[in-house]
Amino acid sequence: MRENHPPTPTTTPDLPTRGEIAESSTSKNRTGSSQPFPGSPLTENPSPFPDQVLENVLENVLHFLSSRQDRNAASLVCRSWYRAEALTRSDLFIGNCYALSPRRATARFSRIKSVTVKGKPRFADFDLMPVDWGAHFTPWVTSLAQAYPWLEKLHLKRMSVTDKDLGIIADSFAGFRELLLVCCEGFGTPGLAVIASKCRLLRVLELVESVIEVEDDAEVDWVSCFPSEGQTHLESLAFDCVECPVNFEALEGLVARSPGLKKLRLNRSVSMVQLHRLMLRAPQLTHLGTGSFSANENVDQEPDYASAFAACRSLVCLSGFREIWPDYLPAIYPVCSNLTSLNFSYADVNEEQLKSVICHCHKLQILWVLDSIGDEGLQAVAATCNDLRELRVFPVDAREETVGPVSQVGFEAISQGCRKLESILFFCQTMTNAAVIAMSRNCPNLVVFRLCIIGVYRPDAVTQEPMDEGFGAIVMNCKKLTRLAVSGLLTDRAFEYIGRYGKLVRTLSVAFAGDTDTGLKYVLEGCPNLQKLEIRDSPFGDGALRSGLHHYYNMRFLWMSSCKLTRQACQEVARTLPQMVLEVINNGEDAVEEDIGILYMYRSLDGPRDDAPENVTILH
């Protein structure tokens, strides 16, 4: 990445680069109505500008910049803009927890109220990284507690968070309001109990696809730790990934004491009968995750579930449906006409069951489903959901040798019926160029296109030709495309198309695809906005790696696993680009020292980390 230094000589520490720190500011300027935060350096009234009027004008201007890219660009204009941008920033985004130290971040920004930190790269979700790889939140929370006692929000993704870290949050931030943990691990119910008991102003607690440690001797009834008297400030509570049962009586009381609760996502221990009781307590819900959606207790007479759903007139988002009993599906019919988001990604429903629901969902904009719905189910979606903006189709069985229930037939039907589509993730075993070309022509507003053809080098299912023309049409016709995932049988021609037309692409994922090093060279030389490049099980080697030397400083990271890299080439890149960190990860006891199982390369302003485990080698 380019170093973002001011144009004038300075001894100021290196500026963060695009993608490493970004934000959207909502803070007022110092002449406005808001007061400096207690303990903030602003209370000392420093004078970094020779002209106070210009300082005030500049801060007023920066206040209207909400885009991360715009804010980063403004900070590069000159030394004054660099300092003013830091003073007006309230939201801090750390795209890679190892791209800079917590000390560097807190030293530059003094008025932060909200922090987002991302840790492990995305392929950690596919078990391609060591469990103990790193991304520890401890050094971050320690620094944040010292620098920002007024902090209100923390959003963490793929970080290792301990119960002690959660205790520091609860003890250090008196006005703490929002905690979102996505794909995090390392903490358990004792940590959640501390957050619930001490964060009295808490509005949001969301645990999304995180791994909560459950030990019988350490398990705590964390729901009961919320204040038992008076109304709470809760607006959102999501714990669908918590595997252990919760105290339902305590949960019901908490919901009843939370009149502002709009979002509630339950885990699989909550039955339909219990769900009914909660819905009667909270008819104001707009987002509901249903839990198991099955009966796990004997009752003399089942409640009227449909009436409970009908009473929730504000409901626009439905998810959950774990361990679904299809016989209960008619209960949600009364709310379907108002739904804008429906998540069936845990519900193994067939085409007929989906059609019975989807025929009512004319306002739907977001739909996540399993491929068990088949092409016929996708055709029903295309016929009804003309306003659809996002579609994700996940596989029930991702084995290569299986015959998938969805194909180019359902894919093309979606393109014809859902022409406002902006984002698609589609897993399948067969696909054709004609269907992908139709998608590119019918849905030109696509921003995200991820087609995952399960299997190694799968060609066009009809012509047996490479999938080059299909992906070429996507980058040519979809002018807004920023995220692209490719798979299947591809030659260098497909990557030439991407390099020539994918000028806005920021994230490119390649799986089980590719031909020669020239293909990746086309991408690295032709995509100036490329920030994240993920490659797995592809034939790219040393030549492809070297072709990006001119661009790596501008990227957030490069990931290459199961490719044809040599340690010598990786070592050469490390010597050529000293501000890049090259981590070589070899999984398994039989790994040869010279093998490059995984290369993870990223830019760091503070050099290599000091917490790498034994199976991670950092090249110098």
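Note that the structure is predicted; figures quoted are calculated from it, not measured.

## Some remarks on the pattern of salt bridges
Here's step 1: Within this structure, the stated rule accounts for 30 salt bridges.
Here's step 2: Between K355 and E352 there is a salt bridge whose closest N-O contact spans 3.5 Å. Of the two residues, K355 and E352 are both situated in helix α12 (residues 351-358); the distance of three residues between them amounts to about one turn of the helix.
Here's step 3: E352 gets classed as partly exposed once you look at its relative accessible area, which sits at 46%.
Here's step 4: The salt bridge partner of E469 is R493, with a shortest N-O separation of 3.1 Å. Of the two residues, E469 sits in helix α16 (residues 468-477) while R493 sits in helix α17 (residues 492-501), which places them 24 residues apart along the sequence.
Here's step 5: The class of E469 is partly exposed, set by a relative accessible area of 34%.
Here's step 6: With a relative accessible area of 42%, R493 lands in the partly exposed category.

## A closer look at the packing of aromatic side chains
Here's step 1: Under the counting rule described, the total for this entry stands at 22 aromatic pairs.
Here's step 2: Where F123 meets W559, the ring centres are 5.5 Å apart and the plane angle is 45 degrees; that geometry is what we call tilted. Remark: W559 occurs in strand β21 (residues 557-561) and F123 occurs in the loop between β3 (114-118) and α5 (138-147); sequence separation between them is 436 residues.
Here's step 3: Residue class for F123 comes out buried when judged on its relative accessible area of 4%.
Here's step 4: Using a relative accessible area of 0% as the deciding quantity, one classes W559 as buried.
Here's step 5: Each member of the aromatic cluster is reached from another via a ring pair, and the members are Y98, F123, F126, W133, F557, W559, Y600 and Y602.

## Let's talk about unusual backbone geometry
Here's step 1: One non-glycine residue, E209, adopts positive backbone phi at about 50 degrees.
Here's step 2: Note that E209 resides in the loop between β7 (204-208) and β8 (211-213).
Here's step 3: Among the residues examined, E209 registers a relative accessible area of 51% and is labelled exposed.
Here's step 4: Non-glycine residue D537 carries a positive phi angle of around 50 degrees.
Here's step 5: Tracing the chain through its elements places D537 in the loop between β20 (532-536) and α19 (542-546).

Conventions we followed
- Residues numbered from 1 in each chain as written.
- Predicted model: local features only at pLDDT ≥ 70, side-chain atom pairs only at ≥ 80, totals over all residues.
- Heavy atoms only, no water.
- Salt bridge = Lys/Arg side-chain N within 4 Å of Asp/Glu carboxyl O.
- Helix = DSSP H or I, 4+ residues; strand = E, 2+ residues; numbered from the N terminus.
- Buried < 20%, exposed > 50% of the residue type's maximum accessible area, 1.4 Å probe, protein only.
- Phe/Tyr/Trp six-rings, centres within 6.5 Å; stacked < 30°, edge-to-face > 60°.

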